[in-house]
Structures are given as C-alpha cells and as structure tokens.
Amino acid sequence: MSTKRRKQIECEESSGNVFADLGLKDADQLLARAQIGFHVFKILEDKKLKQREIAEVLGIAQPDVSHLMNGHFSRFTTDKLLDFLKRLNRKVTIEVSRHHKGEPYQQVTFAP
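Residues numbered from 1 in each chain as written. Predicted model: local features only at pLDDT ≥ 70, side-chain atom pairs only at ≥ 80, totals over all residues. Heavy atoms only, no water.

Next up on the list: the packing of aromatic side chains. Under the definition given, this model contains two aromatic pairs. Here the aromatic rings of Phe 76 and Phe 84 are separated by 5.5 Å at their centres, their planes lie at 70°, and the arrangement is edge-to-face. The exposure classification of Phe 76 matches that of Phe 84, with both residues buried. (Phe/Tyr/Trp six-rings, centres within 6.5 Å; stacked < 30°, edge-to-face > 60°. Buried < 20%, exposed > 50% of the residue type's maximum accessible area, 1.4 Å probe, protein only.)

Structure representation (structure tokens):
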C-alpha cells in the first residue's frame, strides 16, 4: 500500500487589509473605499431596485450602476460613494483621532 503525500501549501495570515497584503500604495484608502462601496451595494441590493431606478436615486448613468453593482468600487471616489449614502438616506459621521502604531490610518465602521 502506498500513501500519497500531499504537498504542504504555504500560507500567510492576512493583516485584515488585502490591499496592504498585496503591497498596494494607499492600502488603507483602498480598503475604506471598498468597504463603503460594499455598504452602498448591500443597501441597494436590499431595496431590490432595478438598475434604472438605482441610476435615478444615485444620480448616475446606468453603465455606472452596473460597475457599482459588480463591485468595481475603484471607479468611484470616496466622496462619490459618500454622496451615494446620503442619497440613500444614510447619515455619515467622520471621526478624527490620534493614530496609534499598528492600526490603520483610515477605518470604516457601520452602525446596525
């Protein structure tokens, strides 16, 4: 009887920011934009609106709605994504505090 040996897969624990793990510049900003974009997406998904209706609510062209709903959040500035939240009747609070070593410079949290 022969036993098959499996190759051990190398892995590395994530920092919690995939953009930082990939070594991308401005990783904190990219993560914040992705988190805000995903939140916008979830709100729209829950509303079950058609793309035409989403375009009207957000004040954007229908092709941009497609980009948004397909997770292409980098096509939108952080300001534009925050504007979408306003148009979706969401309050946005920005808090500025002292940075501590080891924590991200930008962090997004969502209230229930």
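Right, let's talk about the nonpolar core for a bit. If you look at the biggest cluster of nonpolar residues, it comprises 17 residues, and the most contacted ones within it are Val 40, Leu 44, Leu 58, Leu 68, Leu 81, Phe 84 and Leu 88. For this core, the elements supplying multiple residues, two or more each, are helix H2 (27–47), helix H3 (51–58), helix H4 (62–69) and helix H5 (78–87). Examining the composition of this core, we find that five residues originate from one element, H2, more than from any other. In this structure, Val 40 is in contact with Leu 68, Leu 81, Phe 84, Leu 85 and Leu 88, ignoring residues within four places of it in sequence. (Core = buried A, V, L, I, M, F, W, Y, C linked by side-chain atoms within 4.5 Å. Helix = DSSP H or I, 4+ residues; strand = E, 2+ residues; numbered from the N terminus. Contact = heavy atoms within 4.5 Å.)

Relative to the helices and strands, Gly 59 is located in the loop between H3 and H4. Judged by relative accessible area, Gly 59 falls into the partly exposed class, the value being 46%. Separated by 25 residues in the primary sequence, Gly 59 and Phe 84 place their C-alpha atoms 8.5 Å from one another.

What follows covers the pattern of salt bridges. Throughout the structure, instances matching the rule amount to three salt bridges. As a salt-bridge pair, Asp 83 and Lys 86 come within 3.6 Å of each other at their nearest N and O atoms. Here Asp 83 pairs with Lys 86, and both are found in helix H5, just three residues apart, close to one helical turn. When its relative accessible area of 57% is taken as the criterion, Lys 86 is described as exposed. Measuring nitrogen to oxygen at the nearest pair gives 2.8 Å for the salt bridge that ties Arg 87 to Asp 83. Taken together, the residues Arg 87 and Asp 83, both in helix H5 and four residues apart, mark about one turn of the helix. (Salt bridge = Lys/Arg side-chain N within 4 Å of Asp/Glu carboxyl O.)

Right, let's talk about a nonpolar patch on the surface for a bit. Residues Val 18, Leu 22 and Leu 24 make up a contiguous nonpolar surface patch of roughly 290 Å² in combined accessible area. Within the secondary structure, Leu 22 sits in the loop between helix H1 (18–21) and H2. Its relative accessible area of 60% is what places Leu 22 among the exposed residues. (Patch = residues over 30% accessible without salt bridge, like charges linked within 9 Å, V, L, I, M, F, W, Y side chains within 5 Å. Areas by Shrake-Rupley, 256 points an atom, 1.4 Å probe, with all protein chains shown as cover.)

A separate point is the side chain of Asn 17. Relative to the helices and strands, Asn 17 resides in the segment before H1. Among the polar contacts made by the side chain of Asn 17, one reaches the main-chain amide nitrogen of Phe 19 at a distance of 2.8 Å. Of note is the side chain of Asn 17, whose polar atom sits 3.2 Å from the backbone oxygen of Ala 27. In this structure, Asn 17 is in contact with Ala 27, Asp 28 and Leu 31, ignoring residues within four places of it in sequence. (Polar contact = N/O pair within 3.5 Å; in protein donor to acceptor, adjacent residues only side chain to side chain.)

A few words now on the packing of H2 against H5. Remark: H2 packs on H5, axes separated minimally by 10 Å, with the N-to-C direction vectors making an angle of 30°. Classified by the angle between their axes, H2 and H5 sit roughly parallel to one another. Read as a crossing pair, H2 and H5 show a hand that is left-handed. Within the contact between the two elements, H2 uses Arg 33, Ile 36, Gly 37, His 39, Val 40 and Ile 43 and H5 uses Thr 78, Leu 81, Leu 82, Phe 84 and Leu 85. Taken together, the residues that form the contact of H2 with H5 break down as seven nonpolar, three polar and one charged. (Axes fitted to C-alpha atoms, helices over the stretch in contact; angles between N-to-C directions. Parallel < 35°, antiparallel > 145°, perpendicular 65-115°, else oblique. Left-handed = near helix turned anticlockwise from the far one by under 90°. Nonpolar A, V, L, I, M, F, W, Y, C, P; charged D, E, K, R; others polar.)

Remember, this is a structural readout, not a statement about activity or role.
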